[in-house]
Amino acid sequence: MPIALAVAIVAPATGLRAGEPAPLLAYGARIAGDDARTRVVIEFDRKPDFSIHYVANPVRVIVDLPETSFGLKPESLEARGLFDAIRYGGMGAGASRIVLSAKGPTEVTHAEVKPEEDGKGFRLVLDAERVDRARFEKLLGDQQWTGTVRAVKTDRPAITPPKTAGAFVIAVDAGHGGIDTGAIGSVTRTEEKHVTLAFAKDLVAMLNREPGIEAFLTRDRDEFLSLPQRVQIARQRSANLFISVHADTLKQKDIRGATVYTISDKASDSLAADLAARENLSDEIAGIPLESEPAEVADILIDLARRETQAFSVNLARSVVSSFEGQIRLINNPHRHAGFRVLQAPDVPSILLELGFLSNKDDEKQLLDPEWRKKVSGLLAIAVERYRQTAVANGG
């Protein structure tokens, strides 16, 4: 599914982890051209190493860079010419990426780094041309992919036991991150990835106050994780629950309120189906060449585990809805279901919590309110504790 709009991502300053070099700074950019040829120029404070790769269906040109802070004006890389969308941002593991979504088969025919004339920086110059399908297929076949992030399989991960024996472990997944901004606030233009991380941190802190609970973040800063990676992290940490946090946007500005989703082969309604389709695009947005997931459902034991896990997930969702009712606004029919890839672990009960709609000005205001987030975190912690007690009583 092509992405129709160019989305500018400005990465905020983040603290460096021990031993990490300072990121590059991309401080300027420009793009010019038509449907036959397009030039992209990006200015850096230091000389950037880079590599270029191609991904099909849809066609994307991938430019991999070392970790980079993008201090670009949104209009400076507004898509035009051969490209109908341009995204850029962090990919985790000390890497960043520019994803140029093309209108058709495209080749970068010339790419080089030049020093600025004033000697104060460098510019990366990319010249792209439209090519025929045969030429693009040859580019795909000849390239040696060395990208920084690949979709990863989630079967049989190495298990890390809880820090405390017998602890009830909860993975809290802040949706989106890095190059994948998620939804954009209609008033403040706040990016979903920052809203989800702020809430996830509050929730982990709230959960860790409960005796016997050990909660952790799948990501603790503005970085990209693929959907399979998020699932794998939860399974590696022996998670008993997986809670993925999001904030949606809709064309209908009057719709507001929280929703709790569980996984299902068939969506409960069109809103759930559309949301799952958007959320499942995260890896495509980041320019990842998707790989097939292992056919775990072919194993009857795995299939039975999945059914039991789905039942536990539904119980958790009902507990959350019950805790929220009368306390925070919910949409009609607040427990819904669809085929979310991030909820696919066959052995970890999982929910996806949509806190509200960034497309609604009232919801957006609440989502940015630290006190509201703490209130919701507290109610969610109550729901989780109620679920845990029931699961323990039933031998789970």
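Since this is a predicted model, take the numbers as computed values, not measurements.

**Considering unusual backbone geometry**
Line of reasoning, step 1. The step from Asn57 to Pro58 runs through a cis peptide bond, and the omega angle for that step is 0°.
Line of reasoning, step 2. Mapped onto the elements of the fold, Pro58 is located in the loop between strand S3 (51-55) and strand S4 (60-66).
Line of reasoning, step 3. Positive phi values are uncommon outside glycine, yet Asn57 reaches one of about 55°.
Line of reasoning, step 4. Its place among the elements puts Asn57 in the loop between S3 and S4.
Line of reasoning, step 5. For Ser238, which is not glycine, the phi torsion reads 60° and is therefore positive.
Line of reasoning, step 6. Relative to the helices and strands, Ser238 is located in the loop between helix H3 (227-236) and strand S12 (241-248).
Line of reasoning, step 7. Classification of Ser238 as partly exposed rests on a relative accessible area of 21%.

**Some details on the pattern of salt bridges**
Line of reasoning, step 1. One pass over the structure, following the stated rule, counts 23 salt bridges.
Line of reasoning, step 2. Two residues, Asp64 and Arg97, come together in a salt bridge whose shortest N-O distance is 2.7 Å. Here Asp64 is found in strand S4, whereas its partner Arg97 is found in strand S7 (residues 95-102), with 33 residues between them in sequence.
Line of reasoning, step 3. What makes Asp64 buried here is its relative accessible area of 5%.

**Section: the sheet that holds strand S5 (residues 68-70)**
Line of reasoning, step 1. Taken in spatial order, the 5 strands of this open sheet run S5-S1-S2-S9-S8, and their pairing is mixed. Of all the strands in the sheet, the pair left with one neighbour each is S5 and strand S8 (106-115). The average angle at which neighbouring strand axes cross in this sheet is 25°, direction not considered.

The rules behind each value
Residues numbered from 1 in each chain as written. Predicted model: local features only at pLDDT ≥ 70, side-chain atom pairs only at ≥ 80, totals over all residues. Heavy atoms only, no water. Helix = DSSP H or I, 4+ residues; strand = E, 2+ residues; numbered from the N terminus. Buried < 20%, exposed > 50% of the residue type's maximum accessible area, 1.4 Å probe, protein only. Salt bridge = Lys/Arg side-chain N within 4 Å of Asp/Glu carboxyl O. Pairing = 2+ DSSP bridges. Axes fitted to C-alpha atoms, helices over the stretch in contact; angles between N-to-C directions.

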